[in-house]
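Residue-level listing of the chains:
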Amino acid sequence: MIAREAGIKLLKRMVQESTADQTEAILLTEDSSLTRFAHSAIHQHVAERNGTLILRLVMGKKISVVTTNNLRPSSLRATLQKAIALAKAQQPNEAFTSLPKPKLIPPLDTFSANIARLTPAKKVRIIKEVLALVKDKGHTASGAFSHGVVELAVVNSLGVEAYQKYSDLFFHLIVEEGQNSGYASFVSRVPEQLDGKALVESAIKKVSREEPIQVEPGEYEVIIEPYAVGELLLFLGYLGFHALAVQEGRSFLCGQFGQKMVNEKVTIYDDGLDPAGLQVPFDFEGVPKQKVTFFGEGLAKEITYDSYTAARDGKESTGHGLIPPNTEGPIPINLFMKGGESSLEEMVRSVRKGIYVTRFHYTNVVEPMKAVITGMTRDGTFLIEEGEIKKPVKNLRFTESILKALCRVTAISKDRKTCSPGTVYARRFVTGTVVPAIKVDGFNFSGVSSL
Amino acid sequence: MKHLIQNVLDLAKLKKADYADIRVVRRQMEEIEVKNGNVEALTSDEDFGFGIRVLFQGAWGFACSSKVNRQEVESVFGKALKIARGSSKVKGQDVSFPPTSPAVATYKTPISINPLSISPEDKLKLLLKADEIMRKNKKVKISEAFMGSYNTAKTFASTEGSYIEQEIIECGAGISATAIERGEVQVRSYPNSFRGNFSTKGYEWIEELKILAHAQRVAEEAEQLLWAKPCPSKITTLILDSSQLALQVHESIGHPIELDRILGTEASYAGTSFIKPQMVGNFRYGSEKVNITADAALPGGLGTFGYDDEGIRAQRVPIISQGILINVLTSRETAHILGKESNGTMRADGWNRIPLIRMTNINLEPGEWTLEQMIADTDDGLFLSTNRSWSIDDRRINFQFGTEIGWEIKNGKLGEMVKNPTYTGITPQFWNSCDAIAKRDHWQMWGTPNCGKGEPGQVAHVGHATAPARFRNVQVGIMKS
């Protein structure tokens, strides 16, 4: 960890020493640990300390990005020279206008000092307690428990100066019994909120000792738990909720603004400042986060912007810039779906014959403009008959348009859950999706696992 | 550096670690992405650090840092030891880690032209030209060209006395054209989707790809797809081109044969495998036509290296012989469960990740057909090319793929183009339905630079050499519109 003063000082020095017309310097540090277990035994426990500097230089309309995790002065000087050389070699990007100017960033507390109490020994003790509870019920478990401290600092030559320190922890648990398994997970910025017993109880609820039956593919009523709903929202965010997808004409929102696209019960938005989620006060350009509503009571409304896409539309950034060079677009990372009026139990009781889905596995896009995706169910798929969860079923493949599914939403749970994919590739920056369970009257399952 | 490494290994012995290794890794990367005539990304990335793995009291600990100096190395070793000690309290069985002969060696990817020595200006010129050709087609709304150049220098040393220095050089490039009209989005790519094709070769590989020669065709096919008829929904004969077959091998053979998945240690994230240890040596995975090898020594493969990250030499291993599963991908910790020695597949995604069992180059060995003979021998079916989407369940048994393009086969001839092709199947049923594989002159190496696995997530570079193959009675056309 480098701390606010030292981090900002380092970035300011980089910006001051740059001869480019505009310079942006980002520092992302990480001190993290992850412990994995399988068959109720720890088999992997790793820790990492890293710090990365990302420089974005603008010379006229020529832009370069250079990244290094070697923060020695000689390396930083070389990194700056490399960035200047690359910018000179660049072609001008006529669509580029400017790096963002400074805006007031709301003060948010995103760090819990108690994260430091999660020593290797303490984490092992917590896992041991969880595994003991699982064993008491005669099951075994797999999962991972990770925590980290991340610092993000952004300085640019136009006066942006932002720093935030984050703590995070996530725990995901799969309880296993023969061919059946159940899943539960937890994500937070505050370690005291982790309740191992509740996590175990939630996962065990999905574990049956009965042999799973095979149901025929087809269209069913479904109850989809928040874990799976969160995944649907992440796909919508990636495919269509952001300005680049709209500007390139590849978003399902193209030509639909103001139109009813999904059921009026459905409101989906992004809000980095909402304390119900894992708060993030500013983006990777140092721009404060704004709430952006994509679907408001079923109507297509707004999209997210970073400074580049905002300039193209003559708008202001909504604070959704990602780590440069970001060619994917300002994809929202703090998604929410508004809760409804129902309890999960009421929703199940309303199903005549349907499928209960806990989570999806290995989902992927089939047709982007219609938001058609495919994937498998996993870790808790059940047949519901006459309002009761009857039997576990073999995992099913679905191929369905998320938009069509959201048109057919007939109930939404009051309670929402913060969900996170719970793994980290490359650079750690944990956020969450806050979502309810939903009932969909007509969801297409296209295949079934033979196991 | 050698002194620093030796010092920490001596410390590990002093602290009575059962085993320890250290990897110091420096990765340099340059990536260029051109879109619609603009250079959207011109980036250079340097990543440097070390990771220490300690086996103590029968349990593993791993810690790492980007600060490479003596004080930090000793501190990180202390942390790894502390982690191992903690983990030993909930370890199940002691880790069994049979000793191996120490290797002192160097390895460098054989190349003619270092891709990082070519100026960004020259690379941009090529990519912008390809982009310009594609944009001449007015239906193409998004034209993209990508090139990546990579150099990984790593030193591995262990308390057993291994000291291995390797330099892996890779590069790749690709183009894609996206045509959009009336709410329809169709994409065509060359040489492969998702950024192109990658190899452990020098810049000569980029030159071999001849991307300019394919830019116009790619744009035209994207446009034609806008008007193509939808893929029919039926059970039929399927011929896959070699690039799609590479991903088919990857998902439905490469991952299920990873012994860590088979043993359940990936259950919490990527999933497990329908394969059980007792199936090795007797399970009929595919038809007699199907022969699969894992070949980490094949020149040019993206999964080619000198030694794995446990110090085991790269090797060629038969995995499926005439349809029978005879081996799987193993590590030092797992191979003994099958009564075998590690076949050298442990690789880590950089200094800050532990090695996992990863695919090397998992290849479908060539058959005896030409593609033309295969089509001529098919009365009714589909020929599908270039992956567009993929999905498979957590035991790698039920898969569904989509490709960019397809053509009907009628009476032994390629017929009309079809859009949005998809197909689905059950892994062993599918491979048992394989009745023809094209011969060696159709055999092509495909580099997959985005193979995800593990927690924290790791991305591996792996390869698959394949030739087109034919499969009977496959369900196609799963799209729900």
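Nothing here was measured: the structure is a model prediction, and the numbers come from that model.

### Thoughts on the overall build of chain A
Summing up its helical and strand segments, chain A has nine helices and 17 strands in all. Against the compact-globule benchmark of 22 Å for 451 residues, chain A has a radius of gyration of 23 Å, which places it among compact chains. Considering only C-alpha atoms, chain A reaches an extent of 70 × 55 × 35 Å along its principal axes. Across the 451 residues in chain A, those meeting the buried criterion constitute 59%.

### Some remarks on the overall build of chain B
Along the backbone of chain B there are nine helices and 24 strands. For chain B, the C-alpha radius of gyration of 23 Å lies close to 23 Å, the compact-globule estimate for 481 residues. For the C-alpha atoms alone, the extent of chain B along its principal axes is close to 70 × 55 × 40 Å. Taking all 481 residues of chain B together, the buried fraction comes to 61%. Contacts spanning at least 24 positions in sequence make up 75% of the contacts within chain B whose residues lie at least 6 apart.

### Here's the deal with the domain arrangement of chain A
For chain A, the domain assignment lists domain 1 (4-204) and domain 2 (218-448). Mapped by element, the contributors of at least two residues to the side of domain 1 of chain A that touches domain 2 of chain A are strand S1 (22-38), strand S2 (41-59), strand S4 (140-156), strand S5 (161-177) and strand S6 (180-188) of chain A.

### Notes on helix H5 (residues 226-239) of chain A
Its 14 residues give H5(A) an end-to-end C-alpha distance of 20 Å, which sits within 8% of 20 Å, the value for a rise of 1.5 Å per residue. Counting buried positions along H5(A) gives 13 out of 14 residues, so the element sits mostly inside the fold.

### So, the pairing of strand S3 (residues 62-68) of chain A
Regular strands show a simple pattern: their side chains alternate between the two faces of the sheet. Burial analysis of S3(A) places seven of its seven residues in the buried class, which makes it a mostly covered element. Counted along the chain from S2(A) to the antiparallel partner S3(A), the turn is two residues long, and its residue Gly60(A) has a positive phi close to 65 degrees. Bridge count between S3(A) and strand S2 (residues 38-56) of chain B: four bridges; the pairing is parallel. Within the sheet, the bridge partner assigned to Val66(A) lies in S2(B) and is Ser44(B).

### Brief notes about the domain arrangement of chain B
Residue and element names in this part refer to chain B. The domain boundaries assigned to chain B delineate domain 1 (2-227) and domain 2 (230-476). Placing a centre on the C-alpha atoms of domain 1 and another on those of domain 2 gives a separation of 21 Å. Each residue belonging to the side of domain 1 that touches domain 2 can be placed in one class, and the counts come to 19 nonpolar, 16 polar and eight charged.

### A look at the packing of helix H3 (residues 120-136) of chain A against helix H4 (residues 196-204) of chain A
All names here are of chain A. It is the contact of H3 with H4, at a shortest axis distance of 9 Å, that shows an interaxial angle of 40 degrees. The handedness of the crossing between H3 and H4 comes out as right-handed. Along the contact surface, H3 presents Ile-126, Glu-129, Val-130, Leu-133 and Val-134, while H4 presents Gly-196, Lys-197, Leu-199 and Val-200. Taken together, the residues that form the contact of H3 with H4 break down as six nonpolar, one polar and two charged.

### Side note on the confidence of the model for chain B
The share of residues in chain B with pLDDT of 70 or more is 99%, and the mean pLDDT across the chain is 96. Predicted complex, confidence summary: ipTM 0.93, pTM 0.95.

### As for the interface of chain A and chain B
Interface size is commonly expressed as the accessible surface area that is lost when the partners come together. At the junction of the two partners, chain A supplies 74 residues and chain B supplies 74 residues. A total of eleven residues in the side of chain A that touches chain B trace back to one element, the largest contributor, which is S2(A). Across the side of chain A that touches chain B, the residue classes tally to 29 nonpolar, 33 polar and twelve charged.

### Overview of unusual backbone geometry
Trans peptide bonds make up most of the peptide bonds, and negative phi angles are found at most residues other than glycine. In this model, Pro324(A) is joined to Pro325(A) through a cis peptide bond whose omega is 0 degrees. Note on placement: Pro325(A) falls in the loop between helix H7 (307-312) and strand S11 (335-337). Of the consecutive residues Glu455(B) and Pro456(B), the connecting peptide bond is found in the cis state with omega at -10 degrees. Within the element layout of this structure, Pro456(B) appears in the loop between strand S22 (444-453) and strand S23 (458-466). Of note, the phi angle at Glu297(A) is positive, near 45 degrees, even though the residue is not glycine.

### Some remarks on the environment of Val476(B)
All names here are of chain B. Considering the arrangement of structural elements, one finds Val-476 in strand S24 (residues 469-476). Residues Val-476 and Gly-402 lie 74 residues apart in sequence; the distance between their C-alpha atoms is 9.5 Å. Val-476 has contacts with Cys-231, Pro-232, Ser-233, Lys-234, Thr-236, Leu-238, Leu-382, Pro-421, Thr-422 and Tyr-423, leaving out every residue within four places of it along the chain.

### Some details on the packing of helix H1 (residues 2-14) of chain B against helix H2 (residues 70-87) of chain B
Residue and element names in this part refer to chain B. Taken N-terminus to C-terminus, the directions of H1 and H2 make an angle of 30 degrees; their axes are 10 Å apart at the nearest point. Put simply, H1 runs roughly parallel to H2. Remark: the crossing between H1 and H2 carries right-handed chirality. On the side of H1, the interface is formed by Leu-4, Asn-7, Val-8, Leu-11 and Ala-12, while H2 contributes Arg-70, Val-73, Glu-74 and Phe-77.

### As for helix H2 (residues 73-89) of chain A
Over its 17 residues, H2(A) extends 25 Å from the first C-alpha to the last, a length consistent with the 24 Å expected when each residue adds 1.5 Å. What H2(A) keeps buried is the set Thr79(A), Leu80(A), Ala83(A), Leu86(A) and Ala87(A). Looking straight down H2(A), one finds its buried side chains confined to an arc of 130 degrees; they lie on one side. For H2(A), the exposed residues lying more than 90 degrees away from the buried face are Ser74(A) and Arg77(A). Among the structural elements, helix H1 (4-17), S2 and S3 of chain A together with S2 and helix H3 (120-135) of chain B are those in contact with the buried residues of H2(A).

### Quick word on the nonpolar core
Counting 277 residues, the largest nonpolar core has Leu55(A), Leu173(A), Ile223(A), Ile52(B), Val54(B), Ala80(B) and Ala469(B) as its most contacted members. Beyond its immediate chain neighbours, meaning those up to four positions away, Ile223(A) contacts Met347(A), Val348(A), Val351(A), Gly354(A), Tyr356(A), Val357(A), Ile384(A), Ala437(A) and Lys439(A).

### Some details on the sheet that holds strand S11 (residues 292-295) of chain B
By definition, the strands of a sheet pair up through backbone hydrogen bonds, in either a parallel or an antiparallel sense. Residue and element names in this part refer to chain B. What the four strands build is an open sheet, ordered S13-S12-S11-S16; its pairing is antiparallel. Strands at the two margins of the open sheet, each flanked by one partner only, are strand S13 (324-325) and strand S16 (362-364). One ladder, built from three bridges, connects S11 with S16; its direction is antiparallel. Bridging across to S16, Ile-292 finds its partner in Leu-364.

### So, the environment of Phe171(A)
Within the secondary structure layout, Phe171(A) lies in strand S5. Residues within four places of Phe171(A) in sequence aside, it is in contact with Gly143(A), Phe145(A), Ser185(A), Phe186(A), Leu194(A) and Leu199(A).

### Some points on the pairing of strand S17 (residues 380-392) of chain B
Residue and element names in this part refer to chain B. With eleven of its 13 residues buried, S17 lies for the most part within the structure. Relative to S17, strand S10 (residues 234-240) runs parallel, the two sharing four bridges. Following the sheet pairing, Thr-237 is matched in S17 by Gly-381. Sheet topology places S17 next to strand S18 (residues 398-410); eleven bridges connect them, and they run antiparallel. Bridged to Asn-387 within S18 is Thr-403. In this structure, the hairpin formed by S17 and S18 is closed by a connection of five residues, where Arg-396 is found at a positive phi of approximately 65 degrees.

### Focus: the environment of Glu266(B)
Turning to its location among the elements, Glu266(B) is positioned in the loop between helix H7 (259-262) and S11. Taking the C-alpha atoms as reference points, Glu266(B) and Lys453(B), separated by 187 residues in sequence, lie 8.2 Å from one another.

Definitions and limits used
- Residues numbered from 1 in each chain as written.
- Chains lettered and ligands numbered in written order.
- Predicted model: local features only at pLDDT ≥ 70, side-chain atom pairs only at ≥ 80, totals over all residues.
- Helix = DSSP H or I, 4+ residues; strand = E, 2+ residues; numbered from the N terminus.
- Rg over C-alpha atoms; globule rule 2.2 N^0.38 Å.
- Buried ≥ 20, exposed ≤ 12 C-beta atoms within 10 Å, placed from the backbone.
- Contact = placed C-beta atoms within 7 Å.
- Domains from an automatic or database assignment.
- Expected span 1.5 Å × (residues − 1).
- Pairing = 2+ DSSP bridges.
- Nonpolar A, V, L, I, M, F, W, Y, C, P; charged D, E, K, R; others polar.
- Axes fitted to C-alpha atoms, helices over the stretch in contact; angles between N-to-C directions.
- Left-handed = near helix turned anticlockwise from the far one by under 90°.
- pLDDT = per-residue confidence, 0-100.
- Parallel < 35°, antiparallel > 145°, perpendicular 65-115°, else oblique.
- Arc of directions from axis to C-beta.
- Core = buried A, V, L, I, M, F, W, Y, C linked by C-beta atoms within 7 Å.

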